[in-house]
Amino acid sequence: MNKFEEAVVYQIYPKSFFDTTGNGLGDIKGVITKLDYLKNLGVDYIWLTPFFVSPQRDNGYDVANYVEIDKMYGTMSDVDALIHEADQRGIGIMLDMVFNHTSTEHVWFQKALAGDPEYMDYYIFKDEPTNWQSKFGGSAWEYVEHLNKWYLHLFDVTQADLNWNNPNVREELKNVIRFWKAKGIKGFRFDVVNLISKPELFEDDHEGDGRRFYTDGPHVHEYLKELVQDTGIEDMITVGEMSSTSIEQCMRYANPQEKELAMCFNFHHLKVDYKNNQKWVLQDCDYDLLKSLFDEWQTRLQEVDSSCAVFLNNHDQPRSVSRFGDDTCNWDISAKMLATMIHFLKGTPYIYQGEEIGMTNAHYKEIDQYRDVESLNYYHILIDEGKPQEEVMHILGERSRDNSRTPMQWDTSLNAGFTSGTPWLGVNTNYTQINVENQLDDPNSIFSYYKQLIKLRKQYKVIAHGHYVPYETSTPSLYIYQRVYQNEKCLVLLNLNKENKTVSLDNLGDFKALIHNYEDLIITDQTVELRPFEAIVLLSTPA
Ligand code: TEU
């Protein structure tokens, strides 16, 4: 039984959450201001994306100092106050550890650039590059003329990959964890942590972009165990972000016996609208693939009691209601259906800021509205490939990471109440309809629905700990599964799209509806009618 399956995590992208200074950028004090809001929602942990010193090429995922706060976000005493204030409300703070790479402005890299061999060995410098590609487009190698060497960067050119083979690097990173742990941090998210162990041999990849050589690399489990156990965080909530991983690997990363991580993020279910696994090639969402992926991952992981982080949104993904739901006529119903799906799966649910009020994609019209380095790189790549501008803008509209990074919509005032200044990234124009203020006291709002989902998790053991049991159905886009815990049994019925569906259920027996997203239910005998994006959860009540 995994204690973190009783918890719900809320992810904050501080830059876009709440600005207390009027400079257009969210800050730590802004998070403190909104703690009561999060307490009201009912979450147990807050994961904050990086606010450490950084040139912000990748919004803080390019860290120049892991133990100092970037001025734009506030000060160390703000962070101390945040930890304390959150603790007062029974909320634990989780930090984001970006340990696969540092910013090229980090003092370690600066020393490496100056030719100090000790620090050159902190990174991956080679005499010759390979043909590996950066995740943000272009080569993964950058030439440094005065050293006559190439360094590896799997992400932006300013994000140099660390050499985890070097025990000094591992020790430095452990010290970062120790520093934050001593401050009262309750958990950690590890950025792309399955990419840290690079192969012995650096060779061209004739079949792909190089990822098969470094994904879940040769020493990754060993390094993770060392990091976690030497810093004594094995009982804390830890989540590893796993890029292009496999079930087998996640069964190890999150196996409690292995003492590596409490859970993993995997992204297979967030590629069901990628054509041939390619992010920048649009395809309609394959709902049946989505449900078969959940069936497979949920079933396999529980075999070894490995837990799972369950989510549809984060700061890298388009908004789920725009992507899998319908952000026009079925906006609130579909947002609630998607929430039901995530909160009833086995694992720890993650809510990304704004998801709880059904925030939608940005719908930007001009390229100069975008800020994300990946989006801007791919804009040029796609244009250079000869795609018409209009098509490229359409692709960005669907796929850009900025879709999730638009400022949090608090109320109907200027800039959605996010800032009194000019927001660093444009506010979604729908803020006058979609905002926190509108939803807080409305019992039928998306916000109230999330609140109810969280409350139910605390009330029913079956939601936190129930075994996941797939439910076979041949009806397309109808996703049904069960959760079973001792004599409690939940049946989760989800209509993933807008066609009406009818389903006949055997042995329904006595039941009560735990939650549903339409006002009424249409259940006659053993037959349930599901309307567009309808979600119903039935709890069997044994005699
Ligand atoms: O993301 C890792 C990652 O591979 C992505 O989800 C990435 O955004 C996607 O491949 C782009 O198509 C993590 C962080 O969550 C992300 O914000 C950072 O940019 C990235 O690592 C580098 O630190």
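Owing to the predicted nature of the structure, the values given are computational and were not obtained by experimental measurement.

A closer look at the site of the ligand
Near the ligand, the surroundings consist of 16 residues, among which Asp 58, Asp 191, Asp 316, Glu 374 and Arg 401 are the closest. Within the side chain of Lys 279, an N or O atom sits 3.1 Å from an oxygen atom of the ligand. Within the side chain of His 315, one N or O atom sits 2.9 Å away from an oxygen atom of the ligand. Protein coverage of the free-state accessible area of the ligand, which is 490 Å², stands at 91%. Looking at side-chain class alone, the shell around the ligand contains four nonpolar, three polar and nine charged residues.

What to know about the side chain of Ser 322
Checked against the element boundaries, Ser 322 lands in helix H11 (residues 320–323). Judged by relative accessible area, Ser 322 falls into the buried class, the value being 19%. A distance of 2.9 Å separates a polar side-chain atom of Ser 322 from the backbone nitrogen of Asn 361. In contact with Ser 322, not counting residues within four places along its chain, are Asp 327, Thr 360 and Asn 361.

Remarks on the sheet that holds strand E8 (residues 141–144)
Here we have three strands laid out as an open sheet, ordered E7-E9-E8, and antiparallel in their pairing. Only two strands of the sheet have a single neighbouring strand rather than two, namely strand E7 (125–126) and E8.

A short note on the pattern of salt bridges
Considering all chains together, one arrives at 39 salt bridges under this definition. Ionic pairing is found between Asp 156 and Arg 57, a salt bridge with its closest N-O pair at 2.8 Å. Of the two residues, Asp 156 sits in the loop between strand E9 (149–152) and strand E10 (159–161) while Arg 57 sits in the loop between strand E3 (52–53) and strand E4 (65–69), which places them 99 residues apart along the sequence. Accessibility expressed as a relative area gives 4% for Asp 156, which makes it buried.

As for the packing of aromatic side chains
With the rule as written, the count across this model stands at 37 aromatic pairs. With a centroid separation of 6.4 Å and 65° between ring planes, the pair formed by Tyr 10 and Phe 17 is classed as edge-to-face. Since its relative accessible area comes to 0%, Tyr 10 is described here as buried. Positioned above the aromatic ring of Phe 18 is the side chain of Lys 34, whose terminal nitrogen or guanidinium carbon lies 4.4 Å from the ring centre. The aromatic ring of Tyr 518 is capped on one face by Arg 531, whose charged end is 4.4 Å from the ring centroid.

Basis of the calculations
For every chain, the first residue of the written sequence is number 1, and numbering continues from 1 onward in sequence order. The predicted nature of this model means local features are confined to residues of pLDDT at least 70 and side-chain atom pairs, given and counted, to a pLDDT of 80 or more, with totals for whole chains, interfaces and linings taken over all residues. Excluded from the side-chain calculations are hydrogens and water; all other atoms, namely the structure's heavy atoms, are used. What makes a residue near a molecule or strand is one non-hydrogen atom of that residue sitting within 4 Å of it. Polar contacts here mean pairs of N or O atoms no more than 3.5 Å apart (in protein, one a potential hydrogen donor and the other a potential acceptor; neighbouring residues in sequence count only if both atoms are side-chain atoms). In this description, accessible areas are obtained by the Shrake-Rupley approach with a 1.4 Å probe, and a residue is regarded as covered only by the protein chains that are shown. Nonpolar residues are Ala, Val, Leu, Ile, Met, Phe, Trp, Tyr, Cys and Pro. Charged residues are Asp, Glu, Lys and Arg, and all others, Gly as well, are polar. A run of H or I in DSSP counts as a helix once it spans at least four residues, and a run of E counts as a strand once it spans at least two, with each numbered from the N terminus. Categorising residues by exposure relies on relative accessible area from a 1.4 Å probe, with only protein chains included: less than 20% of the type maximum marks a residue as buried, more than 50% marks it as exposed, and the intermediate range marks it as partly exposed. Residue contacts follow a heavy-atom distance rule, with two residues in contact if any of their heavy atoms lie within 4.5 Å. Only strands joined by at least two bridges in the DSSP assignment are considered to pair. What counts as a salt bridge is simple: a side-chain nitrogen of Lys or Arg found within 4 Å of a carboxyl oxygen of Asp or Glu. Pairing of aromatic rings covers Phe, Tyr and Trp, the last counted by its six-membered ring, and requires centre-to-centre distances within 6.5 Å; plane angles under 30 degrees mean stacked, over 60 mean edge-to-face, and any other angle means tilted. We call a charge positioned above a ring when the Lys NZ or Arg CZ atom is no farther than 6 Å from the ring centre and deviates by at most 35 degrees from the ring normal.

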